[in-house]
Structures are given as structure tokens and as C-alpha cells.
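Descriptive analysis of the structure
The lines below spell out each chain.
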Amino acid sequence: MEGGVRVRAGASKQDVREKVWDYLEASGLAAFPRPVHRRIPNFQGSHQACCSIKELDVFNRAREIKVDPDKPLEGVRLAALQARKTLLVPTPRLRTGLFNRIVPPSGATKEILRICATSQGIKEYSVPVGLDGKARVDLVVVGSVAVSEKGWRIGKGEGYADMEYAMMVSMGAVQEDTPVITIVHDCQVVDIAEELLDDHDLTVDYILTPTRTIKTNCKRPKPQGIIWHKASVTLYEMLEKIPILKSLRYREKQTGKDVSLQDEHSDLANASTPGALNEKAMAENTRPQAAMGSAQVGQHYVESESFNPRLGESGMITTVYVGNIPPSVRVSELKWALREFHATPLRLNWQGAQHRAFLDYKDKATAESAVSSLKGLSLGGNTLRVELAKNQRNKGQV
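Under an unreviewed UniProt entry, the name given to the chain is Methenyltetrahydrofolate synthase domain-containing protein, and the organism recorded is Smutsornis africanus.

1. Considerations on the overall build of the chain
The number of helices and strands found in the chain is 14 helices and 18 strands. Across the 398 residues that make up the chain, the buried fraction comes to 51%. In the chain, of all internal contacts separated by at least 6 residues, the share reaching a separation of at least 24 is 66%. For the chain, the exposed area adds up to about 19,300 Å²; of that, 49% sits on carbon and sulfur atoms.

2. Considerations on the pairing of strand S8 (residues 180–183)
Both faces of S8 are covered, namely the face carrying Val180 and Thr182 and the face carrying Ile181 and Ile183. Relative to S8, strand S5 (residues 139–143) runs parallel, the two sharing 4 bridges. Within the sheet, the bridge partner assigned to Val141 lies in S8 and is Ile181. Here S8 runs beside strand S9 (residues 206–208); their pairing, made up of 3 bridges, is parallel.

3. Focus on the sheet that holds strand S3 (residues 99–102)
To summarise the sheet geometry, strands pair through backbone hydrogen bonds and adopt either a parallel or an antiparallel arrangement. Read across the open sheet, the 8 strands follow the order S4-S3-S2-S1-S5-S8-S9-S10; overall the sheet is mixed. For this open sheet the edge positions go to strand S4 (126–129) and strand S10 (213–215), each flanked by a neighbour on one side alone. The average angle at which neighbouring strand axes cross in this sheet is 25 degrees, direction not considered. Relative to S4, S3 runs antiparallel, the two being bridged by 4 bridges.

4. Comments concerning the packing of aromatic side chains
By convention here, two paired aromatic rings are described through the distance between centres and the angle between planes. Applying the stated rule across the entire model yields 1 aromatic pair. Over the aromatic face of Phe59 sits the side chain of Lys85, whose NZ or CZ is 5.0 Å from the ring centroid.

5. A short note on the pattern of salt bridges
On inspection of all chains with the given rule, the structure shows 15 salt bridges. With a shortest N-O distance of 3.6 Å, Asp360 and Arg347 are connected by a salt bridge. Note that Asp360 is positioned in strand S15 (residues 356–361) and Arg347 in strand S14 (residues 347–351), a separation of 13 residues in sequence.

6. Considering the environment of Ser369
Position of Ser369 among the secondary structure elements: in helix H14 (residues 364–374). Residues Ser369 and His342, spaced 27 residues apart in sequence, show a C-alpha to C-alpha distance of 9.6 Å.

7. Points about the sheet that holds S14
One open sheet accounts for 4 strands, arranged S14-S15-S13-S18; its pairing is antiparallel. Looking at strand neighbours, the two that pair on one side only are S14 and strand S18 (385–388), the edges of this open sheet. Within this sheet the neighbouring strands show an average axis-to-axis angle of 20 degrees, counted without direction. The strands touched by H14 are strand S13 (318–323), S15 and S18; relative to S18, the strand with the most contacts, the crossing angle is about 160 degrees.

8. Observations regarding unusual backbone geometry
Omega for the bond connecting Phe32 with Pro33 falls within 30 degrees of zero, at 0 degrees, which places this linkage in the cis form. With respect to the helices and strands, the residue Pro33 is situated in the loop between helix H1 (13–26) and helix H2 (46–51). Phi at Arg84 is positive, roughly 60 degrees, even though this residue is not glycine. Here Arg84 lies in the loop between helix H4 (74–82) and strand S2 (86–90). You will see that Asn217, though not glycine, has its phi angle at about 50 degrees, which is positive. Tracing the chain through its elements places Asn217 in the loop between S10 and helix H8 (233–241). Looking at Asn217, the relative accessible area reads 49%, which means it is partly exposed.

9. Some words on the nonpolar core
Ile53, Leu139, Val141, Ile181 and Ile183 are the most contacted members of the largest nonpolar core, which has 47 residues in total. When near neighbours in sequence (up to four residues on either side) are disregarded, Ile181 contacts Ile53, Leu56, Val58, Leu139, Val140, Val141, Val142, Tyr206 and Leu208. With 34 residues, the next largest nonpolar core counts Val140, Met163, Val174 and Trp228 among its residues.

10. Digging into H14
The complete set of buried residues in H14 reads Ala367, Ala370, Val371, Ser373 and Leu374. The buried residues of H14 all sit within an arc of 165 degrees when viewed along its axis, so they share a single face. Two or three places before Ala365, at the start of H14, stands the capping residue Asp363, its side-chain oxygen 3.4 Å from that residue's backbone nitrogen.

11. Side note on helix H13 (residues 331–340)
Counting buried residues in H13 gives 9 out of 10 residues, a clear majority hidden from the surface. All buried positions along H13 are accounted for by Val331, Glu333, Leu334, Lys335, Trp336, Ala337, Leu338, Arg339 and Glu340. His342 sits one or two positions beyond H13 and adopts a positive phi of about 55 degrees.

12. Comments concerning the environment of Cys116
Mapped onto the fold, Cys116 is located in helix H5 (residues 110–116). Here the alpha-carbon distance between Cys116 and Ser126, two residues 10 residues apart in the chain, equals 8.6 Å. Residue contacts for Cys116: discarding those within four places in its chain leaves Leu81, Ile102, Pro104, Pro105, Gly121, Ile122 and Tyr125.

13. Notes on the confidence of the model for the chain
Of the residues in the chain, 78% have a pLDDT of 70 or more, and the chain-wide mean is 79. No element of the chain has a lower mean pLDDT than strand S11 (residues 295–297), which averages 35, and none a higher one than S9, which averages 98. Note on residues 265–314: pLDDT is under 50 here. Beyond four places in sequence and across chains, it has 74 contacts.

14. What about the pairing of S2?
Of all 5 residues making up S2, 4 are buried, and the element is well covered by its neighbours. Where strand S1 (residues 64–67) and S2 come together, 3 bridges link them in parallel fashion. Paired with Lys66 across the two strands is Leu88, which belongs to S2. The parallel pair S1 and S2 is bridged by H4, and the resulting crossover is right-handed. Judged from the 4 bridges that link them, S2 and S3 form a sheet pairing that is antiparallel. When the bridges of S3 are listed, Leu88 appears paired with Arg101.

Rules used in this analysis
Residues numbered from 1 in each chain as written. Predicted model: local features only at pLDDT ≥ 70, side-chain atom pairs only at ≥ 80, totals over all residues. Heavy atoms only, no water. Helix = DSSP H or I, 4+ residues; strand = E, 2+ residues; numbered from the N terminus. Buried < 20%, exposed > 50% of the residue type's maximum accessible area, 1.4 Å probe, protein only. Contact = heavy atoms within 4.5 Å. Areas by Shrake-Rupley, 256 points an atom, 1.4 Å probe, with all protein chains shown as cover. Pairing = 2+ DSSP bridges. Axes fitted to C-alpha atoms, helices over the stretch in contact; angles between N-to-C directions. Phe/Tyr/Trp six-rings, centres within 6.5 Å; stacked < 30°, edge-to-face > 60°. Lys NZ or Arg CZ within 6 Å of the ring centre and 35° of its normal. Salt bridge = Lys/Arg side-chain N within 4 Å of Asp/Glu carboxyl O. Core = buried A, V, L, I, M, F, W, Y, C linked by side-chain atoms within 4.5 Å. Arc of directions from axis to C-beta. Polar contact = N/O pair within 3.5 Å; in protein donor to acceptor, adjacent residues only side chain to side chain. pLDDT = per-residue confidence, 0-100. Right-handed = clockwise from strand over helix to strand, strands pointing away.

Structure (C-alpha cells):
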């Protein structure tokens, strides 16, 4: 935009972000919440830009729309609800799943729909949609810090929009031709050098501003899923923080896809690695032991019911219950998932015939951390039920 943000040659992505954020604040274009730095910035005229989406055929044809939870996209969320479309919003930092589906109350007034489109409404009027939710997204709307007329996009730098799209590809929720739209102020449309783009960066097909609708005709391919073998620092960090991402990685491994991370092949070749030692220890701990009253039934190890309560009485060992295990799942699959989720127990008591298992940890804090890490884990098509075992939940409370 003439007289707007100017990006110098050789600028990094962060340079572009800082230029845009500074300009929005200095020019009086920034809107609540402020300052806009380190955010997908809200701006004066965002609602007007959002309303123009109703003029696009790709919006009118869409039945299911994924819209990011950012403030400047509030008008798009409202437009989708008013048009009675299915609205999916990513959960904050993907902590509890991938999407929330916004479900307004029956007979919702215009005012209630406006509330549903806000961050507060997303909390109050939504239900979670996991990997098994069979989402089929017809249109994706993302926020941006900067975007070029060619469709090249720069987000706020945390990688969540790119990761959300890659996860949607992996779970079959979007197709190669699913349109992507971004909403920005005119000053956020800048020249972006192509060398700044990575394979995992999401591109956009339409840019809506308060004054323009830009069809980018972008030919650069969108991400084709999660590129595990090119794992960046960001991906390693996300694997630690996002349970559903770990579940997706496990599910892709089950289909035969190579989900090894960078440098992991060499680690797996080393039999003395901690992962290999943990696997050996877990294999030993899951062997049936007659002294503990266990019996082997087919491929299932069954421990006596009195075994776990005795451990709980020690005041140290804390047991986690894992339920809803499908009959097709083997103990080796659960062990693999536990290692991947960094939730390896001291002992695993497998009761596959009863569709459950018990995991023993050294203390309650470690057990609660494991429950948090395993939340949302899906094996064999079932989302597992993971919680402290009944006799452990109130231990230590008066």
C-alpha cells in the first residue's frame, strides 16, 4: 500500500512482523486488544473486511468453515453463524483437541449469535471435535500479520495456523482445493520475498481488506500434511505441548507412514538409547507373574484386582486407569504410545480382555502429568479414557 509499510530487501519474517505491528500502532489503525505486537493484529475496519466474505461464492457454497479465534476474524465467525453454517474454531494452542464446534442455543437471537462469535462465546457455546470427529472443512479462514498479493503469508511466529492446516490435511478434513482466506488491513498487504517461505508455510487464495478483495491465484502448493522428518524446534516443542498432535503421529504410524523425527533414525539404531531401555523395562514389567496372581488369557495379561490397591497403600506409587481400549489394540501399541507421550510408567498392568490397563507411577505428581499428556490419545479408533484410578483420586486429601 502506498505510504504504508515498506519492507527492505533481505528482511526476515520477524522484521516484517515488527514493521507491520509498529505501523498499525503508530498510524492509529490498531484496535483492541492492544498493543498488537506478538498478536494477529486487530485493526480499524476489520468488521467491514469480514463482511465482504459474504460476497464470495466460496463462502456461500461452504457448509463447514474453520475460522481462527483471533479478534479481527470475529465478523467472519458471526457471518458463518448467521448463515447457519457449521463453524469450527481451533482450541487455544490446541491443548484440548483440534477444533471446537460452535453450537448456538436453539432459537438464538442475533445478540446471542454475536456473543457466540466472540472469544467468550467460543468457550460457552462449543463442543470439542477430535481426530475421530469426521470434520469435512469446505473453507479455511486464518489471521495474518502480513500477506502478499501472491498469497504468501506471515503469521505471528508460533506456527499454530500452519500446524492446524497440516493436521487437517493429515486427518482428511481439507482437500487440495479447499480455499484459504485471510482478513487484514490494507497496510498488511506487503511484498514478501519467496525465499522466506518454508514447505510448512500456509498460503492463501483470497485476501479481504476494508477496501479490497484480492484473489491471489497462488500456485505455490499448500502443506501436504505434517513433515515429520523435517522436524523443526517448533515441532518438537508442539509435540510436548499438544496431546492431539501426538495422537495424530501415532495414528499415521499405524497406517505405515514414516513419522520418524529428524535424527530419530540414528537414535533407533542405537540399542542403548533411553527409549530402547524403557521399552525393555516395560516389556519386563508387563510379563505375567504368578506371584502377583496374574494369568495370561490369549494375548492379554490380566492382573488380580487386589494388586493395584496394595500399591496405592504404600503412599508413594500412584496408579492411572486407561479404559476404552479396543479389542484390536495390542499391549505393544500402548507401550509405544506411552514412550512417545513421555508417560512411561514404572509398571504397566495390561488387562486387554477387559479393555483396560493400569499404569503405576512413582508419585501422584508424575501420574497427574501422565494423565495430562495422554489426554485425547486415540488407539484403534477409540479415544481412550485416562484418569487416576479410583482409589488414587482422593489420596492425600482430608
